[in-house]
Structure formats: C-alpha cells, structure tokens
Amino acid sequence: LVESVVRSLDPHVHLLREVALKPATTLVHDLVTRYPSAAFDQEEQRLAVGTKEGPILIYDLNSATRWHVLEGLKTAITALAFNEKGNILASYTLLGGEVKIWKTQNLFFGILGSDPHCIATHSTMAPIPPLLPTDITGRQLLERVKLVWIDKKTLQLWTKWYKETEIGRAHV
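Residues numbered from 1 in each chain as written. Predicted model: local features only at pLDDT ≥ 70, side-chain atom pairs only at ≥ 80, totals over all residues. Heavy atoms only, no water.

Brief notes about empty space enclosed by the protein
By the definition in use, this model includes one cavity of 30 Å³ or more. When its volume is computed, the largest cavity comes out at roughly 40 Å³. Lining the largest cavity are Leu 1, Val 2, Val 5, Leu 27, Val 28, Leu 31 and Leu 47. For the lining of the largest cavity, the elements supplying multiple residues, two or more each, are helix H1 (2–7) and helix H2 (14–34). Among the elements that line the lining of the largest cavity, the one with the most residues is H2, at three residues. Its residues placed into classes, the lining of the largest cavity shows seven nonpolar, no polar and no charged. (1 Å grid on protein atoms, 1.4 Å probe; cavity = no way out; pocket = protein on both sides within 12 Å on 5 of 7 lines; lining within 4 Å. Points joined across faces, edges and corners; volume = space filled by probe spheres on them. Helix = DSSP H or I, 4+ residues; strand = E, 2+ residues; numbered from the N terminus. Nonpolar A, V, L, I, M, F, W, Y, C, P; charged D, E, K, R; others polar.)

So this is what it looks like as structure tokens:
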C-alpha cells in the first residue's frame, strides 16, 4: 500500500501527482496518526515505516522513491519517531527490547548523498504485562506504545497497558 502511494507522487508524472496529492497526504497522515510504527518528517518529506521483519523503510515523497532501508533490527518495529529537525530517527522494538537512534540527514546538503546509520542503541526491557488478553491484535499492541521527542536530545518511551507509564529516556 505504501509503495503504491509513494509511486503515485512521482514528480515526473505531473497529472498523476496532481490528482493523487490530496488523497496521498490524507493517507500518510492517517497512517502516521494510527500506527506508531510509521513516522513522517514534514521538512524533508520523508516517511519511515517499520516492518514486521525488522528493517525500516524510508521513502522520499518529493522524489517518490524508497530513499533508504535501515537494517540492523531483527524483530518487528513497534514505534518510530523523527526528531523536530528530521535528521534523527528513533526506532523501538518491543520484542527486541531496544531503542536505536539513527542519523538520517543528507551529507553536505545532499551533494555527497546520504548515509543513514545507527548512532546509538539503548537496551530497554519494557514491562510486558503478564496478563495480556489472548485476543489482542497487532494493531492494539501498537496503540499501546509510543516514542516521543521531548526536546532536541531527549526521547521518551511510553507504554500504556493498564495506565500510561514512562519506561525510560534516551539521550542523543
């Protein structure tokens, strides 16, 4: 679905982009709002999507391309968050029990390309409630976890099982 939306924004196919822009914008907004495993950087127009297998796909909506694939995680991505500037992406995997901080900016204004890479890993064993309902869906699980940048260098990890709880903070 995400690949189709991104392709519909191809700047070389003006009519398609013009027709698809508003519905694509709505879809991206809904995706990021409903699922913490997706994040959007407004300034750079980049959409990051976590996968069940671990890699994070980053799409450039300006060029309608898959910009990068961030490797290094082996379990499903539970939450993602870009910082305010969009040059840092945080990822969290509940099953892997870790937060990774990724530098995602272009090198020298994009002239030298880009080289997104992990700059920090924080181990965190967020408490998974022992009495999770057996019929909980993946979406319901995702709705109970979030990453929030509270300032330029501080990230909070929150879970909401029975009450909202701050699990920890990571500093960049």
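So that's the structure; there's more coming.
Quick look at H2
For H2, spanning 21 residues, the distance from its first C-alpha to its last is 29 Å, which sits close to the expected 30 Å at 1.5 Å a residue. The largest bend in H2 comes to about 50°, at Leu 21, with the proline Pro 23 one to four residues further on. All of the buried residues in H2 are Ala 20, Ala 24 and Val 28. Check the buried side of H2 and you find it contacts H1, strand E1 (38–41) and strand E2 (46–50). (Expected span 1.5 Å × (residues − 1). Bend = angle between axes of the 7 residues up to and from the residue. Buried < 20%, exposed > 50% of the residue type's maximum accessible area, 1.4 Å probe, protein only. Contact = heavy atoms within 4.5 Å.)

Re the packing of aromatic side chains
Inspection of every chain in the model, using the stated rule, returns zero aromatic pairs. Directly above the aromatic system of Trp 67 lies the positively charged group of Arg 46, at a separation of 3.6 Å from the ring centroid. (Phe/Tyr/Trp six-rings, centres within 6.5 Å; stacked < 30°, edge-to-face > 60°. Lys NZ or Arg CZ within 6 Å of the ring centre and 35° of its normal.)

Regarding the nonpolar core
Judged by nonpolar contacts, the single largest core of 13 residues is most densely connected at Tyr 92, Leu 147 and Leu 155. For this core, the secondary structure elements donating two or more residues are strand E5 (79–82), strand E6 (88–93), strand E7 (98–103), strand E9 (145–151) and strand E10 (154–160). (Core = buried A, V, L, I, M, F, W, Y, C linked by side-chain atoms within 4.5 Å.)

What about the pattern of salt bridges?
Applying the stated rule across the entire model yields three salt bridges. Among the salt bridges present, the one from Arg 66 reaches Glu 3, with a minimum N-O distance of 2.3 Å. Here Arg 66 is found in strand E4 (residues 65–70), whereas its partner Glu 3 is found in helix H1, with 63 residues between them in sequence. Look at Glu 3 and you get partly exposed, because its relative accessible area is 28%. Of the charged contacts, one joins Glu 44 and Arg 46 as a salt bridge, the two residues approaching to 3.8 Å between their closest N and O atoms. (Salt bridge = Lys/Arg side-chain N within 4 Å of Asp/Glu carboxyl O.)

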